[in-house]
Amino acid sequence: MARNTQVQADHNAPPITQILAEFVARHPSRGWSDAVDREAHRTFLNWLGCAVGAAHHEAVQAALAAVQVLQPSAQASIAGRSERVDIASAALLNGISSHTFDFDDTHLKTIIHPAGPVASALLALAEHTGASGRQLIDALVIGIDVACRMGNTIYPDHYDRGWHITGTTGMLGAAAGCARLLGLDVDRTRMALGIAASQPVGLREQFGTMTKPFHPGGAARAGLMSALMAQHGFTASPRALEAPRGFAQVVSPKTAWNEVTDELGQRFEISFNSYKPFACGIVIHPSIDACVQLRDQGVRAEDVERIELRVHSLVLELTGKKEPADGLQGKFSVYHGCAAGLIFGQATEDEYADAIVNREDMVALRRKVVATVDDGIDEASADVTAVLADGRRIHVFVEHAIGSMQKPLTDAQLEAKFSGMSDAILGRDRTRRLLDACWALGEAADVRALAALTRPA
């Protein structure tokens, strides 16, 4: 049967695969401001705390059991665990654990969680090769820049189609970072990007399941393997990112090529990274923040008749689960988030335990949340009113939630978040030493000392 194979495409796209390869291979070490370098350290610290914190989650246990069937060599550490595995598996497992709590970093322009794929691949490779902390930090900044610039190019159309953009750009960032760490030249870096371009991973249908955190883990492993294959001469299309049947044009009808090239090497996307105070989808954060503020104003759950919630349509599209059955589903329930904020005054991983999600008072309160779509409200905002049994109405509007670019977490808050996840696994003393090592990573002669601290004594 004859069919029309003509699909509209841009045949005059700029050579962004080559442009990015040159940037990755040639940009000078620490070729950015002190503020960018500090953000890289904050990003790594936040990522590592999340990875350690979820190290014994059942999702990580299951993935590790599968990896061990392959009898991996002991090349690299799994953060928060005593086992060691091959570097590809370490990248996979650390990527899974860092995203399991949904507590990791967010590039708000694209809602990419960039450190999961990139840092997971880099720490495994750096530990194996004995790279310096400076080499790792340089590769982290550059890898995240590649992932987020490609995200800027195709977001939101790509995401709206159902792709999980963290995984589908993360393999490019991981490949770029690993190519940098390996010292690949421009041609082999271009091949690494090309190999990675054929491995986008992640569908939004998987949100609320163990497969969602698999996406950054799978991307980390894919990017690492792409760089290793390129190092040994494996080839790919030199136009894999921009060609009419290349990555960007296949996965998105939007291809804003200028997002790759504008101020490349001058503006770094890691500068726009943010860190979550709440262990759930980022679009829930304004609603939780508002309910915490209601609690601070004296509103008690037992006095609430209903909570009137007005949010952007994206909030309910992503997190509209009214009756979550477990903690993973709870992370995609704005109803549960509101209840946690009002009852506990916080929404850390503890508030997403299966037992809490199914606790009678939590179920009762979240059923009192009445959510209404109002696209006049920004997706980063929430309008919340508690209607009390005595007739009073107490209103809070959150324009920018805590943890946003406008209200970022301080270093002290990041450390407290890290300790809250790590103390129970590594112990308070080892956690403190690991925190200090993260802050000093750029000066470390060998990453292996930090990697050793991620394992229980």
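For the structure itself, consult the block above.
Residues numbered from 1 in each chain as written. Predicted model: local features only at pLDDT ≥ 70, side-chain atom pairs only at ≥ 80, totals over all residues. Heavy atoms only, no water.

Enquirer: What should I look at first to understand the overall build of the protein chain in this one?
Expert: Within the protein chain one finds 21 helices and 8 strands. The globule rule puts the C-alpha radius of gyration for 457 residues at 23 Å, and the 22 Å found for the protein chain is close to it. Reported as C-alpha extents along the three principal axes, the dimensions of the protein chain are approximately 70 × 60 × 45 Å. Residues counted as buried form 60% of the 457 residues belonging to the protein chain. (Helix = DSSP H or I, 4+ residues; strand = E, 2+ residues; numbered from the N terminus. Rg over C-alpha atoms; globule rule 2.2 N^0.38 Å. Buried < 20%, exposed > 50% of the residue type's maximum accessible area, 1.4 Å probe, protein only.)

Enquirer: Mind showing me how you'd approach the nonpolar core here?
Expert: One broad rule of soluble globular proteins: the nonpolar side chains tend to lie buried together. Phe44, Leu48, Met150, Leu172 and Phe247 are the most contacted members of the largest nonpolar core, which totals 97 residues. Per element, the largest residue contribution to this core is 11 residues, and it comes from helix α6 (residues 133-154). When neighbours within four sequence positions are excluded, Phe44 is seen to be in contact with Ala119, Leu123, Leu136, Leu140, Cys438, Leu441 and Leu450. Membership of the second largest hydrophobic core comes to 52 residues, among which are Ile111, Phe278, Ile343 and Val384. (Core = buried A, V, L, I, M, F, W, Y, C linked by side-chain atoms within 4.5 Å. Contact = heavy atoms within 4.5 Å.)

Enquirer: What is the right way to read a nonpolar patch on the surface from this model?
Expert: A cluster of nonpolar residues, Leu108, Phe272 and Met405, forms a patch on the protein surface that exposes about 220 Å² of accessible area. Following the sequence through the fold, Leu108 ends up in the loop between β3 (106-107) and α5 (115-129). Of the residues examined, Leu108 reaches a relative accessible area of 31% and is grouped as partly exposed. (Patch = residues over 30% accessible without salt bridge, like charges linked within 9 Å, V, L, I, M, F, W, Y side chains within 5 Å. Areas by Shrake-Rupley, 256 points an atom, 1.4 Å probe, with all protein chains shown as cover. Salt bridge = Lys/Arg side-chain N within 4 Å of Asp/Glu carboxyl O.)

Enquirer: When you look at the side chain of Ser98 in this model, what are you seeing that I'm missing?
Expert: Following the sequence through the fold, Ser98 ends up in helix α4 (residues 87-100). At 3.4 Å, the side chain of Ser98 forms a polar contact with the side chain of Trp47. Filtering out sequence-adjacent residues up to four positions away, Ser98 remains in contact with Trp47, Cys50, Ala51, Asp104, Gly116 and Ser120. (Polar contact = N/O pair within 3.5 Å; in protein donor to acceptor, adjacent residues only side chain to side chain.)

Enquirer: How should the sheet that holds strand β7 (residues 382-388) be read in this particular structure?
Expert: One key point about sheets: their strands pair by backbone hydrogen bonds, in either a parallel or an antiparallel sense. With respect to topology, 4 strands assemble into an open sheet ordered β6-β5-β7-β8, the strand pairing being mixed. The open sheet is flanked by β6 (369-373) and β8 (393-398), the only strands paired with a single partner. When strand polarity is set aside, the average angle formed by the axes of neighbouring strands in this sheet is 15°. By the bridge criterion, 6 bridges tie strand β5 (residues 304-311) to β7 in an arrangement that is antiparallel. Bridge pairing links Val304 to Leu388 in β7. Strands β5, β7 and β8 of the sheet are contacted by helix α13 (residues 285-296), whose axis makes an angle of about 140° with β8. (Pairing = 2+ DSSP bridges. Axes fitted to C-alpha atoms, helices over the stretch in contact; angles between N-to-C directions.)

In short, the description is geometric, and any link to function would need to be established separately.
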